[in-house]
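Structure at a glance
Listed below, chain by chain, are the residues.
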Amino acid sequence: MNVPATRPVDAAAVKAVRQFNRFYTARIGALDGYLGSDLSLTDVRVLYELAHRETPIASEIGKSLGLDAGYLSRILRRFDAAGWLTRKPHPGDARHQLLALTEAGHAAFAPLQQKSRDEAGALLAPLSAAQRQQMLDAMSTVQALLDPATPAATRPTTAILRDPVPGDIGWVVQQHGEIYAREYGWNSEFEALVAEIAAQFLRKFQPDSERCWIAELNGERVGAVFVVRKSATTAQLRMLILAPQARGLGLGARLTDECIGFARRKGYKKMVLWTNSCLAAARGIYAARGFKLTKSEPYEGFGQQLVGETWELKL
């Protein structure tokens, strides 16, 4: 086992680090009732892990957050008591349980997540584009220096969600065509359908009631999702896509949460989506957020025998 060499640390450097810690924890409101709630910063971080991991397991969450098993267990018991958490046996390991947020748990977490986004945006808002990039680069440098075990070039950073720019919608169509052909054997009929939906979104875009997010990871496009207006009271989630290199990071869940939060803020009463029974990962994300399967119908399409599904979520 290689133990990193330790070096004498200047007292002024220690003081500077502690001063920055005091500044930043106060700036993000972590000292008392995180994000204006009755929850601690640790509580909210555990909620985040439960909401964004594909298969949440207590031991993995504890390891990721550096939490004592007993401390994490007490947090999870409080979530149980609040009706925010469900548990079921792990299909591959009887020693573990799979955890999941209930609909009430997601409802409790959603406003906290939105407030966190708003506050992060408020931190960046006064800065110029160059200053924002300087700040992000500095944050990446800190992470690289304190986490040298993972090479900086391969370390995944938090994905950035942004509005689309020219060329992005074409990329979305391309990704659907390539990924579904490679992984499910779907033919070009599917790419044509996606192209038609994407073209309609661009031509008839209603900025007050519709939205698209493009996800970037390390400067590369890796995902997208759309919310479109189906009626005055119903929003439709469409074209959720993730590149293979972005899977397992909770990004599909994060994109879906953005859609739900947007629909609620715009006053929609219901969100609907259409998917296929073979898309297990996407269906898991929808079910975990309270979507209910309302219609299932076999059909022949895209060169395959498929089962189309309609899912709905009351907002």
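Residues numbered from 1 in each chain as written. Predicted model: local features only at pLDDT ≥ 70, side-chain atom pairs only at ≥ 80, totals over all residues. Heavy atoms only, no water.

1. Side note on the overall build of the protein chain
Check the secondary structure of the protein chain and you find ten helices and nine strands. Rg of the C-alpha trace for the protein chain: 22 Å, near the compact-globule value of 20 Å for 315 residues, within the 12% margin. Each principal axis of the C-alpha distribution contributes one length, and for the protein chain these read about 70 × 45 × 45 Å. Split into buried and exposed, the 315 residues of the protein chain put 36% on the buried side. (Helix = DSSP H or I, 4+ residues; strand = E, 2+ residues; numbered from the N terminus. Rg over C-alpha atoms; globule rule 2.2 N^0.38 Å. Buried < 20%, exposed > 50% of the residue type's maximum accessible area, 1.4 Å probe, protein only.)

2. Observations regarding the pattern of salt bridges
A complete count under the given rule lists twelve salt bridges for this structure. Its salt-bridge partner being Arg247, residue Glu183 comes within 3.0 Å of it at the nearest N-O pair. One end of the pair, Glu183, is in helix α7 (residues 168-184); the other, Arg247, is in the loop between β6 (234-242) and α9 (251-265), with 64 residues separating them in the sequence. The partner of Lys270 in a salt bridge is Glu312, with the nearest N and O atoms 3.8 Å apart. With Lys270 in strand β7 (residues 270-276) and Glu312 in strand β9 (residues 304-314), this pair connects stretches of sequence that are 42 residues apart. Salt bridges here are not isolated pairs; linked through shared partners, they connect Arg162, Asp168, Glu216 and Arg221. (Salt bridge = Lys/Arg side-chain N within 4 Å of Asp/Glu carboxyl O.)

3. Regarding the packing of helix α2 (residues 41-52) against helix α4 (residues 69-81)
Where α2 meets α4, the axes come as close as 11 Å, and the angle between the chain directions of the two elements is 75 degrees. One element, α2, and the other, α4, form an angle in the roughly perpendicular class. Residues Thr42, Asp43, Val46, Leu47 and Leu50 of α2 pack against Tyr71, Leu72, Ile75, Leu76, Arg78 and Phe79 of α4. Grouping the amino acids of the contact of α2 with α4 by side-chain chemistry returns eight nonpolar, one polar and two charged. (Axes fitted to C-alpha atoms, helices over the stretch in contact; angles between N-to-C directions. Parallel < 35°, antiparallel > 145°, perpendicular 65-115°, else oblique. Contact = heavy atoms within 4.5 Å. Nonpolar A, V, L, I, M, F, W, Y, C, P; charged D, E, K, R; others polar.)

4. Some thoughts on a nonpolar patch on the surface
The grouping of Phe20, Phe23 and Tyr24 at the surface amounts to a nonpolar patch, some 300 Å² of accessible area in total. Among the secondary structure elements, Tyr24 is positioned in helix α1 (residues 11-27). (Patch = residues over 30% accessible without salt bridge, like charges linked within 9 Å, V, L, I, M, F, W, Y side chains within 5 Å. Areas by Shrake-Rupley, 256 points an atom, 1.4 Å probe, with all protein chains shown as cover.)

5. Regarding the environment of Ser116
As for its position among the elements, Ser116 is in helix α5 (residues 103-124). Accessibility expressed as a relative area gives 30% for Ser116, which makes it partly exposed. Separated by 54 residues in sequence, Ser116 and Gly170 have C-alpha atoms that sit 31 Å apart. Aside from chain neighbours lying at most four places away, what touches Ser116 is Tyr34 and Leu35.

6. Thoughts on the packing of aromatic side chains
Considering all chains together, one arrives at 18 aromatic pairs under this definition. Ring geometry for Phe190 and Phe302: centres 5.1 Å apart, planes at 70 degrees, overall edge-to-face. Pair noted here: Phe190 is in helix α8 (residues 188-203) and Phe302 is in the loop between β8 (292-301) and β9, with a separation of 112 residues, a long-range link. Here Phe190 matches Phe302 in class, with each residue buried. Ring centres 5.1 Å apart and planes at 50 degrees place the aromatic pair Phe201 and Phe205 in the tilted group. Judged by relative accessible area, which is 7%, Phe201 ranks as buried. Through a chain of ring-to-ring contacts, three or more aromatic side chains come together here, namely Tyr180, Tyr184, Trp186, Phe190, Trp274, Tyr299 and Phe302. (Phe/Tyr/Trp six-rings, centres within 6.5 Å; stacked < 30°, edge-to-face > 60°.)

7. Concerning the environment of Glu309
Looking at the secondary structure, you find Glu309 in strand β9. When the C-alpha positions of Glu309 and Thr141 are compared, they lie 45 Å apart, and in sequence the two are 168 residues distant. Within the local environment of Glu309, its side chain forms a polar contact with the side chain of Arg283, the two groups lying 2.7 Å apart. Of the polar contacts made by the side chain of Glu309, one reaches the side chain of Trp311; its length is 3.0 Å. (Polar contact = N/O pair within 3.5 Å; in protein donor to acceptor, adjacent residues only side chain to side chain.)

8. Focus on α7
Residue pairs spaced three or four apart in an α-helix point in one direction, given the helix's 3.6 residues per turn. Counted at 1.5 Å a residue, the expected span for α7 with its 17 residues is 24 Å, and the 23 Å between its end C-alpha atoms agrees. For α7, the full list of buried residues reads Asp168, Ile169, Trp171, Val172, Val173, Gln175, His176, Gly177, Ile179 and Tyr180. Those residues of α7 hidden inside the fold are in contact with β3 (160-162), α8, β4 (211-217), β5 (220-229) and β6. Where α7 terminates, the next one or two residues include Gly185, which has phi positive at roughly 75 degrees. (Expected span 1.5 Å × (residues − 1).)

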